[in-house]
Amino acid sequence: MSSATLYKSHIAARQHAAEAALAAAGFDGMVIQAGMPFTYFADDQDAPFRTTPHFTHWVPLDGPHHLLHIRPGERPLLVRVRPEDYWYEQAPLGNPFWLEAFEFHEVADLGKAWKLIQKSGRTAYIGDDPAGSGIAAEQCNPDALVKRLDWDRAYKTEYEIACLEQATISGARGHAAARQCFLEGGSELEIHHAFVEAVGCTDRELPYETIVALDDRGAILHYCGKRTQRNGKVLLIDCGAKHNGYGSDITRTWTSRSADTLFQDLLHGMDQLQRELCEMVRPGLPYLAIHEAAHVKIADLLHKHGILKVGGAQAVAEGLTGPFFPHGIGHFLGVQVHDVGGRQAAPEGGVMPPPKSFPYLRTTRTIEANQVFTIEPGVYFIEMLLRPFRSGSQTSMIDWKLVDRLASHGGIRIEDNVVAIPGGQKNLTRPHI
Ligand SMILES: [Mn+2]
């Protein structure tokens, strides 16, 4: 099906969900704003612009200021703010596939845009400029409405899943080039360039800053350095691409011939257990169960290779997997890399916190069809987390000689994007990488 056809039903779904959310929250309409530019303090430079996710959920129109007015029973009104400008490009819109879903206007400034919004009844404002909206403060980003919009974001339409798949296809192209560059001895900076070159975008068009970590830097979970030294033994690369505002989030770990064979065996085992975890995704299963299974599988992997003296549930119960796998197994994916609502208890709100032992788990909901997640187990050698185990009662449960031998390899993470479908799942990443 074409983007236009899928998009038409996406907008119908948005309108339907918005009408229910507005009614439940007691509003007659809402204005969603694309966002305001952010200028750095004491500077004349703006931060790279990021569209408000609520706006992207409706339309992949770039740039700040634009207004979207949603009212029950009415075609959505989209006002594009396109100033006459010779400093920055204000490209003509052309005829994008999404245009006919809207009553569309183009104006030269934000004041004129607001004049086109005919508010009737109680109107909510969603965006980062409540003061500029002229709407009463209590109607700006009202919790009762925002929670429902966040809740709805978890259920992807066919259009959104197609966008996410396209984003993983672009991301996979980047990963293939990055791997090649690594195997030819490329530095972090060269591998980063190989990735963006193959995706065909600029850095600011990526869904998040690239993580390109050679060797020990793989043990820094959000490492953003770009060193120029070449010929690493391990590459941990966590990079995604965007399509119509939807981002992929993909991690791979590769080794060169100079990597320790024990580390290569661990990597092979991680790849296998990551596939098994992806295959657990199905409607009805609490997402937490995948996280718990990951800990058991990682314990068994570390035990099999002699790094832990015990495996399975016993090792997990003793807290021995914590230092090796100190992040959540994954998160919702959508217009935000860590998409909203992962811990939300119900449409109207409420939080389901993760268990105390897993404070970083971002998703505690029970899996439902059309939800899209990442599955990203990891094993790292992070001295800060291992240090408390070096002394004390549990020290004999870990083979420190092996830990110290592997520490310079950093870590392993393997991450795919997976959509839950009735009775199972579809892995959006593996077919392309
Ligand atoms: Mn991720």
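Residues numbered from 1 in each chain as written. Predicted model: local features only at pLDDT ≥ 70, side-chain atom pairs only at ≥ 80, totals over all residues.

**Some details on the overall build of the protein chain**
To keep it simple, the criterion reads: For helices the rule is a DSSP run of H or I covering at least 4 residues; for strands it is a run of E covering at least 2, with both sets numbered from the N terminus onward.
Helix and strand counts for the protein chain come out as twelve helices and 17 strands. For the protein chain, the spread of C-alpha atoms along the principal axes amounts to about 70 × 45 × 45 Å.

**A few points about the environment of Gln166**
Heads up, the rule is: Exposed residues have 12 or fewer other C-beta atoms within 10 Å of their own C-beta, buried residues have 20 or more, and partly exposed residues fall in between, where C-beta atoms are placed from the backbone.
Within the secondary structure layout, Gln166 lies in helix H6 (residues 158-183). Of the residues examined, Gln166 has 18 C-beta atoms within 10 Å and is grouped as partly exposed. Spatially, the C-alpha atoms of Gln166 and Gln272 are 25 Å apart, while their sequence positions differ by 106 residues.

**Overview of the sheet that holds strand E6 (residues 211-214)**
Our working rule: The rule for pairing is simple: two strands pair if DSSP sees at least two bridges between them. Geometry is summarised by axes, namely lines fitted to C-alpha atoms with helices restricted to the contacting stretch, and by angles between N-to-C directions that run from 0 to 180 degrees. By definition, residues are in contact whenever their C-beta atoms, placed on the basis of the backbone, come within 7 Å of each other.
One open sheet holds the three strands; their spatial order is E6-E7-E10, and the pairing between them is antiparallel. If you trace the sheet from one side to the other, it starts and ends with E6 and strand E10 (250-255), each paired once. The mean angle between the axes of side-by-side strands here comes to 10 degrees, regardless of whether they run parallel or antiparallel. Note: E6 against strand E7 (residues 234-239), four bridges, orientation antiparallel. Within E7, the position partnered with Leu214 by the bridge is Leu235. Set on the sheet, H6 makes contact with E7 and E10; between it and E10 the angle comes to about 20 degrees. Its contacts with the sheet put helix H7 (residues 188-199) on E6 and E7, and the angle it makes with E6 is roughly 145 degrees.

**Concerning the pairing of strand E13 (residues 372-375)**
Of the two faces of E13, the one carrying Val372 and Thr374 and the one carrying Phe373 and Ile375 are both buried. For E13 and strand E16 (residues 416-421), the ladder comprises four bridges, and the chain directions are antiparallel. Looking at the pairing, Phe373 lines up with Val418 of E16.

**So, the sheet that holds strand E1 (residues 29-33)**
Adjacent strands of a sheet pair through backbone hydrogen bonds, lying either parallel or antiparallel. Across the sheet, five strands lie side by side as E4-E3-E2-E1-E5; this open sheet has mixed pairing. Each edge of the open sheet carries a strand with a single partner, namely strand E4 (103-107) and strand E5 (123-126). The mean angle between the axes of side-by-side strands here comes to 15 degrees, regardless of whether they run parallel or antiparallel. Bridging between E1 and strand E2 (residues 67-70) involves four bridges; their strand directions are antiparallel.

**Concerning the domain arrangement of the protein chain**
Note: interface size is frequently given as the accessible area lost on complex formation between the parts. Convention followed: Source of the domain bounds: an automatic or database domain assignment. Residue polarity follows a fixed list, in which Ala, Val, Leu, Ile, Met, Phe, Trp, Tyr, Cys and Pro are nonpolar, Asp, Glu, Lys and Arg are charged, and the others, Gly among them, are polar.
Looking at the assigned domains, one finds that the protein chain contains domain 1 (3-153) and domain 2 (158-432). Between the C-alpha centres of domain 1 and domain 2 the distance comes to 34 Å. Between domain 1 and domain 2, the residue contacts involve 17 residues of the former and 17 residues of the latter. Of all elements in the fold, only helix H1 (3-25), helix H2 (53-56) and helix H5 (143-153) reach the threshold of two or more residues within the side of domain 1 that touches domain 2. Of all the elements, H5 adds the most residues to the side of domain 1 that touches domain 2, at seven residues. Along the lines of polarity and charge, the residues of the side of domain 1 that touches domain 2 split into seven nonpolar, five polar and five charged.

**What about unusual backbone geometry?**
One non-glycine residue with positive phi stands out, namely Ala42, at about 55 degrees. On the secondary structure map, Ala42 appears in the loop between E1 and H2. The phi angle at Asn231 is positive, at roughly 65 degrees, despite the residue not being glycine. One can find Asn231 in the loop between E6 and E7.

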